[in-house]
Amino acid sequence: QVQLEESGGGFVQPGGSLRLSCTASGGIYSVATMGWYRQVPGSQRELVATITTDDVTNYGDSVQGRFTVSRDNAKNTVYLKMISLKPEDTAVYYCNADILSHGYYQFHNFWGQGTQVTVSS
């Protein structure tokens, strides 16, 4: 059973930084694109950043230049380094990945449980 386990969320003051991690595990044959999305209550989930196996990245407009996504393919892990955090970055951050599991012939999309990031003075 595939699981995405996130860590690294928390409380930080404006201008501060945090680093999120997400590791995929459980019957995995291959992991394709991995990434992060975020959601605040009453709003749609929005793209933060994605990264392919070839390290091609894509960022949401609001985080461009402040957030950096990276991955360790050997560990099936994706990271999100966040600097110059703003109160509007407060949200639940969700890990996402396209995964091919053993015994399957197609990639499926999986989500983590989410980790809260709060930016406040």
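Described in the following lines is the structure provided in the data block. (Residues numbered from 1 in each chain as written. Predicted model: local features only at pLDDT ≥ 70, side-chain atom pairs only at ≥ 80, totals over all residues. Heavy atoms only, no water.)

Concerning the sheet that holds strand E3 (residues 18–25)
The strand order across the open sheet formed by four strands is E1-E3-E8-E7, and the pairing between neighbours is antiparallel. Each edge of the open sheet carries a strand with a single partner, namely strand E1 (3–7) and strand E7 (67–72). Within this sheet the neighbouring strands show an average axis-to-axis angle of 15°, counted without direction. Where E7 meets strand E8 (residues 77–82), six bridges bridge the pair, whose relative direction is antiparallel. Counterpart to Phe67 in the pairing with E8 is Met82. (Pairing = 2+ DSSP bridges. Helix = DSSP H or I, 4+ residues; strand = E, 2+ residues; numbered from the N terminus. Axes fitted to C-alpha atoms, helices over the stretch in contact; angles between N-to-C directions.)

With respect to the environment of Arg45
With respect to the helices, strands and loops of the structure, Arg45 is situated in the loop between strand E4 (28–39) and strand E5 (46–51). Here the alpha-carbon distance between Arg45 and Tyr94, two residues 49 residues apart in the chain, equals 8.9 Å. Residues within four places of Arg45 in sequence aside, it is in contact with Tyr37, Arg38, Gln39, Tyr94 and Trp111. In terms of polar contacts, Arg45 uses its side chain to reach the side chain of Gln39, at 3.3 Å. (Contact = heavy atoms within 4.5 Å. Polar contact = N/O pair within 3.5 Å; in protein donor to acceptor, adjacent residues only side chain to side chain.)

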